[in-house]
Amino acid sequence: MSKISFLKNKLLGLFVLIPVLFITACLDDTESSGNTKIVHPLKISIDTLTNGISLASITANEAEILHTSDSLFSLSIQNIENQSIQIITSEEGWGNVSLVPDGDNQTITLTNPTNAELPSTLAVIIKLNVSGTKSQWDMQVKGLGDKHSLMHSDFPNINLKSHVNDTFFIPRHFGIEVPNPIKNVEDAISRSRGSLHYPRGWGATMQYLAYYHDSQGLYFGFHDPKATTKRFLVEVEDGGMKLSCHMETPNQTLPNNNWEMPGHFELDIFEGAWYEAAQIYKTWVYKSAEYRPKKTSQRAARQEKIGSIGVWVQESVRTYGTLSEESRIRAFKDYMDEGGIDIPVGVHWTEWSDFPFDFMYPKIFPALDGLETMIKNLKMTYGDGLMLTAYFNGLLFDTENIGTYQVEGFPYATKRSDVTQVFTQTYPHVVDSSVRPPLTQNTVFAVMCPTQTPWQNTLVSAGRKFANKGLDGVYFDQVTAANAMHCMDPTHGHTIGGGDYWRSGYQKIFSNTHAAISSEKYINSELANDYLVDEVDGFLTEMFSVENQVPAFQAVYAGKVQFIGSHSNFGGYRASDTADAQSFYAGLAESFSYGAQIGRLWMQIAIQDQNARSLRAGAYIKRLARLRVKHKAFFSFGEMKKPLVLTGTIPTIEFLSSKRNAYAPYDAPAILTSTWSDGESILVSFINAKVPEEEGDSITFGFDFDASVYGMDGIRIKEVTESSDGAYTNVANTFHKDVTLNSYDARVFIISPRL
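Residues numbered from 1 in each chain as written. Predicted model: local features only at pLDDT ≥ 70, side-chain atom pairs only at ≥ 80, totals over all residues. Heavy atoms only, no water.

1. Describing the overall build of the protein chain
Test applied: By the criteria applied, helices consist of DSSP H or I runs no shorter than four residues and strands consist of E runs no shorter than two, each listed in order from the N terminus. In this scheme, a residue with accessible area under 20% of its type's maximum is buried, one over 50% is exposed, and one in between is partly exposed, where area comes from a 1.4 Å probe on protein chains only. Contact between two residues is taken to exist if any of their heavy atoms lie within 4.5 Å; hydrogens are not considered. Only the protein chains shown count as cover for residues, and all accessible areas are computed by the Shrake-Rupley method using a 1.4 Å probe.
Helix and strand counts for the protein chain come out as 15 helices and 43 strands. A buried classification covers 60% of the 755 residues belonging to the protein chain. If you take every contact in the protein chain between residues at least 6 apart in sequence, the share linking residues at least 24 apart comes to 71%. Carbon and sulfur atoms provide 47% of the accessible area of the protein chain, an area that totals close to 27,500 Å².

2. Things to note about the packing of aromatic side chains
How two aromatic rings sit relative to each other is set out by the distance from centre to centre and by the angle between their planes. What counts, and what does not: Each Phe, Tyr or Trp ring (for Trp, its six-membered ring) is paired with any other whose centre lies within 6.5 Å, and the angle between the two planes then decides the class: stacked below 30 degrees, edge-to-face above 60, tilted in between.
Applying the stated criterion to the full structure yields 47 aromatic pairs. Both rings, one in Trp 274 and one in Tyr 275, keep their centres 5.7 Å apart while their planes meet at 85°; by these two values the pair is edge-to-face. In this structure, Trp 274 and Tyr 275 share a single accessibility class: buried. Their ring planes at 45° and their centres at 6.3 Å tell us that Tyr 286 and Tyr 557 sit as a pair that is tilted. Of this pair, Tyr 286 sits in helix α2 (residues 274–288) while Tyr 557 sits in helix α10 (residues 552–557), and the two are 271 residues apart along the sequence. Residue classification places Tyr 557 among the buried residues on the basis of a relative accessible area of 0%.

3. Points about the sheet that holds strand β37 (residues 671–677)
The test is simple: Between any two strands, at least two bridges found by DSSP are needed for them to pair. A fitted line through C-alpha atoms serves as each axis, taken over the contacting stretch for helices, and the angle formed by two N-to-C directions is quoted from 0 to 180°.
Reading across the sheet, the six strands line up as β33-β37-β38-β43-β40-β41 and stay open at both edges, with antiparallel pairing between neighbours. The sheet terminates laterally at β33 (639–641) and β41 (729–731), the two strands that pair on one side only. In this sheet, adjacent strand axes meet at a mean angle of 30° when their direction is disregarded. Those strands touched by helix α14 (residues 617–630) are β38 (682–688), β40 (715–720) and β43 (746–753), and its axis lies near 15° from that of β43.

4. Digging into the confidence of the model for the protein chain
Put simply, the rule is: Confidence of the predictor at the level of single residues is captured by pLDDT, which takes values from 0 to 100.
Per-residue confidence for the protein chain gives a mean pLDDT of 87; residues scoring 70 or more make up 89%. A low-confidence stretch, residues 1–40 stays under pLDDT 50, and its non-local contacts, those more than four residues away or across chains, total 186 contacts.

5. Structural notes on the packing of helix α8 (residues 453–468) against helix α9 (residues 501–516)
Geometrically, a packed helix pair is captured by the angle between its two axes and the distance between the axes. Quick reminder of the rule: With the far helix as reference, a near helix turned anticlockwise by less than a right angle produces a left-handed crossing, and one turned clockwise produces a right-handed crossing. All residues other than Ala, Val, Leu, Ile, Met, Phe, Trp, Tyr, Cys, Pro, Asp, Glu, Lys and Arg, Gly among them, are scored as polar; the first ten of these are nonpolar and the last four charged.
Close contact between α8 and α9 brings their axes to 9 Å; oriented N to C, the two are set at 30°. Seen along the crossing, α8 lies across α9 with a hand that is right-handed. Of the residues in α9, those in contact with Trp 455, Gln 456, Leu 459, Val 460, Gly 463 and Arg 464 of α8 are Gly 505, Tyr 506, Lys 508, Ile 509, Asn 512, Thr 513 and Ala 516. Across the contact of α8 with α9, the residue classes break down as six nonpolar, five polar and two charged.

6. Examining the pairing of strand β7 (residues 85–89)
In β7, alternate side chains face the same way, and those of Gln 86 and Ile 88 are buried while those of Ile 85, Ile 87 and Thr 89 on the opposite face are not. Taken together, the five bridges between strand β6 (residues 74–79) and β7 define a ladder with antiparallel strand orientation. In the sheet register, Ser 76 faces β7, and the bridge partner there is Ile 87. Once β6 ends, the chain turns through five residues before running back antiparallel as β7, passing Gln 83 with a positive phi of about 65°.

7. Here we look at the pattern of salt bridges
In plain terms, the rule: Just to be clear on terms, a salt bridge is a Lys or Arg side-chain nitrogen sitting within 4 Å of an Asp or Glu carboxyl oxygen.
Applying the stated rule across the entire model yields 34 salt bridges. Here Lys 242 makes a salt bridge to Asp 70, at a shortest N to O gap of 3.9 Å. Note that Lys 242 is positioned in strand β19 (residues 240–248) and Asp 70 in the loop between β5 (66–68) and β6, a separation of 172 residues in sequence. Given the relative accessible area of 24%, Lys 242 is considered partly exposed.

8. Focus: the side chain of Ser 591
Its location among the elements puts Ser 591 in helix α11 (residues 578–593). For Ser 591, a relative accessible area of 1% translates into the label buried.

9. Considering the environment of Lys 287
Inspection of the secondary structure puts Lys 287 in helix α2. For Lys 287, a relative accessible area of 69% translates into the label exposed. Each C-alpha atom of the pair Lys 287 and Pro 225 lies 9.7 Å from the other, and the pair is 62 residues apart in sequence.

10. Concerning the sheet that holds strand β30 (residues 538–540)
Read around the closed barrel, eight strands run β22-β23-β24-β28-β29-β30-β31-β32, paired in parallel fashion. Geometrically, the sheet is characterised by an average inter-axis angle of 25° between neighbouring strands, direction not taken into account. With two bridges joining them, strand β22 (residues 311–316) and strand β32 (residues 596–601) adopt parallel strand pairing. What sits directly across from Val 311, in β32, is Ile 598. Strand contacts of helix α6 (residues 371–382): β23 (345–350) and β24 (386–393), with the helix running at about 150° to β24, the strand carrying the most contacts. The strands touched by α14 are β22, β31 (562–564) and β32; relative to β32, the strand with the most contacts, the crossing angle is about 145°.

11. Re unusual backbone geometry
Each neighbour pair has its own omega, and for Tyr 361 with Pro 362 the value is -5°, a cis peptide bond. Note that Pro 362 resides in the loop between β23 and α6. Here the bond from Gly 599 into Arg 600 is cis, since omega is -10°, no more than 30 degrees from zero. Counting through the fold element by element, Arg 600 comes out in strand β32. Phi is positive for Asn 112, close to 55°, though the residue is something other than glycine. Within the fold, Asn 112 resides in strand β9 (residues 105–113).

12. Focus: the environment of Val 561
Inspection of the secondary structure puts Val 561 in the loop between α10 and β31. We classify Val 561 as buried; its relative accessible area is 1%. Through-space distance from the C-alpha of Val 561 to that of Ser 636 is 7.9 Å; in sequence the pair is 75 residues apart.

13. Considerations on the pairing of β40
Most of β40 sits inside the fold, with five of its six residues counted as buried. Pairing of β40 with β41, which is carried by three bridges, proceeds in the antiparallel orientation. Bridging from a neighbouring strand, Arg 716 pairs with Asn 730 of β41. In the sheet, β40 pairs with β43 via six bridges, with the strands oriented antiparallel. Considered in β43, the bridge of Ile 717 is made with Ile 751.

14. Brief notes about helix α5 (residues 322–336)
Note the threshold: Here, expected helix span is obtained from the residue count minus one, scaled by 1.5 Å.
Between its terminal C-alpha atoms α5 stretches 21 Å, which fits the 21 Å expected from 15 residues at 1.5 Å a residue. Among the residues of α5, those classed as buried are Thr 322, Glu 325, Glu 326, Arg 328, Ile 329, Phe 332, Lys 333, Tyr 335 and Met 336.

15. Examining the side chain of Thr 350
As for its placement among the helices and strands, Thr 350 is situated in strand β23. Taking the relative accessible area as the measure of exposure, Thr 350 reaches 8% and is therefore buried. Sequence-distant contacts of Thr 350, that is, excluding residues within four places in its chain, are made with Gln 314, Glu 315, Ser 316, Val 317, Phe 357 and Tyr 391.

16. Quick notes on the environment of Arg 200
For Arg 200, the location among the structural elements is in the loop between β15 (196–198) and β16 (208–213). As a C-alpha pair, Arg 200 and Asn 529 span 329 residues in sequence and 6.4 Å in three-dimensional space.

The following block contains the structure:
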């Protein structure tokens with residue numbers, strides 16, 4: 001047995017972590033082989049075994065981070081003729097192993113499998129490049145022949161040590177820090193409805209993970225520019241954490257589907273934590289990802305429009321009727337504009353047709369009588385001070401509409417391995433609201449394939465119809481929330497099973513929709529996922545609320561796309577119970593701090609004005625909305641910077657965590673803060689979200705500021721509230737400031753270069 005390694009210099013004290021490391025090359029000169037040692041910050045060792053190789057060791061600053069050695073990969077290969085499945089790993093079953101070093105590059109080739117059930121021509125090629133603190137990994141499988149198909153791969157496989165004080169970052173929701181990973185990671189992932197599927201708003205929203213401790217970290221980036229479907233697997237096993245990336249292979253079940261890993265896997269060493277890891281991913285996205293936000297005048301116009309919104313509300317036209325709905329919207333808009341300050345309001349409409357919610361998709365036109373007249377009247381009064389958006393499901397087709405479904409639905413739906421069966425979702429809808437409890441029945445929907453022209457045309461046509469009615473935008477539900485399906489229908493023209501067609505299909509749909517409507521009309525979708533961040537203008541993120549969440553998604557994409565809301569316990573503003581009320585104020589504060597537009601709220605806050613005022617909800621909402629609109633150059637179009645660390649004793653308050661269809665409470669600091677740049681100045685925001693125990697209840701805390709962190713030299717500062725701007729005062733480049741905030745109060749400080 002021989003050992004190959006890359007030696008990389010020092011990295012302080014940490015670790016453990018995550019998916020993908022495999023193969024590095026260049027024989028260590030301590031071995032009998034006599035090859036030379038290369039000095040870099042990271043050392044990765046590969047053991048050559050009797051019939052394969054294993055990932056033997058990863059060390060940083062001479063500290064081992066692997067829990068045990070493991071196979072670098074696992075491949076599932078099907079015999080087309082008899083349907084049998086053979087599993088082969090890197091550790092055994094190979095007749096030949098070749099390792100060829102070339103400077104900082106290494107090529108490892110495994111050939112001549114010993115299993116007679118596998119094609120004799122099968123070969124796996126792994127390439128690694130190491131430069132400075134970065135390493136890049138690639139893998140290729142070829143030689144499958146005309147009788148075998150590669151079904152899926154797990155690559156890389158890494159079994160890591162895990163310590164109590166370490167933190168594991170997973171790209172669930174905006175991003176979650178998992179403390180004491182070996183104890184908590186499986187529960188954190190289970191709350192994402194099973195696993196970290198990408199792309200999936202409920203699963204993985206970005207393509208990287210990180211692991212860190214004491215400001216030293218490891219970054220694991222799956223830098224796949226086409227956003228191919230994949231799944232990040234994490235298992236606690238024998239005292240370690242086993243991590244891998246599972247990918248269904250394009251054209252699985254077809255022979256000779258030779259495969260090359262899309263993009264690259266990157267393992268980097270960095271100093272910092274979640275924010276610094278996000279900056280590594282951000283740098284790659286804006287340089288190489290096909291889904292990076294576009295820099296076009298059309299997108300800029302849409303962002304300027306939707307980015308001006310201060311607060312969102314949600315209502316059902318069908319519930320209230322158009323005449324009642326118009327009066328309710330006017331009441332809310334006028335309520336927000338009290339005091340002569342215009343707060344642009346976004347309206348999210350559901351049930352704007354005769355069909356109930358979650359029923360008869362996609363046949364929900366025509367609109368209710370009077371809708372166009374109502375839109376015209378509202379826009380005539382408020383213009384862009386009121387932006388109207390209608391709901392349309394962008395994923396599903398009702399299977400119970402038998403005649404239409406068989407012709408327009410089934411042929412274009414995603415298919416299972418048995419292509420007579422489709423992937424489905426089931427939802428209840430109310431069929432009789434006159435009884436108590438309301439009578440409901442389940443509706444089974446087919447999940448449609450976005451590559452199919454008839455389905456593409458259906459969504460584009462919906463967008464055009466909405467635009468023609470005078471609406472400002474359309475909300476396509478589920479598209480950036482639901483899991484990408486592995487469609488097996490060979491008649492669809494895309495690769496069978498795995499591939500990048502989920503992104504390419506929806507990218508075409510949204511691109512064509514933009515082309516079919518006015519350049520200033522926006523497209524929103526549910527939750528968030530970066531695989532369509534180039535086409536989506538706003539993400540409805542109100543369900544993104546969870547313990548230990550951090551705004552990593554904003555650290556990558558803020559200023560390029562808008563975020564709408566976080567969970568705020570809609571009814572809490574009028575609750576007599578303090579806990580319910582507390583979660584309401586906490587949720588809105590988190591929205592504001594994360595750069596999200598406030599909402600979606602119910603318009604009862606205006607209609608039931610007495611309750612709103614008694615618990616100060618109305619004033620609180622207005623305060624946050626006004627500050628956001630006043631400083632949209634930062635919150636809507638600026639760059640999120642690393643949050644400041646606050647000093648002082650700050651109490652905790654109750655938030656609500658989204659967990660499947662229920663909500664669990666958790667505690668977090670009552671003062672929420674964020675830091676933003678508009679390219680010239682820095683804005684620091686603070687909110688006290690604590691429900692007061694007595695009148696005048698306040699919290700005092702402090703923060704330290706260092707101008708050099710932001711490339712500034714010679715600064716001044718001013719304090720800003722919702723209604724007034726303080727005067728600038730010159731300050732030193734480094735300073736400490738104490739702040740006192742009453743309950744429900746919000747404050748921003750703007751630090752600018754001196755004149």
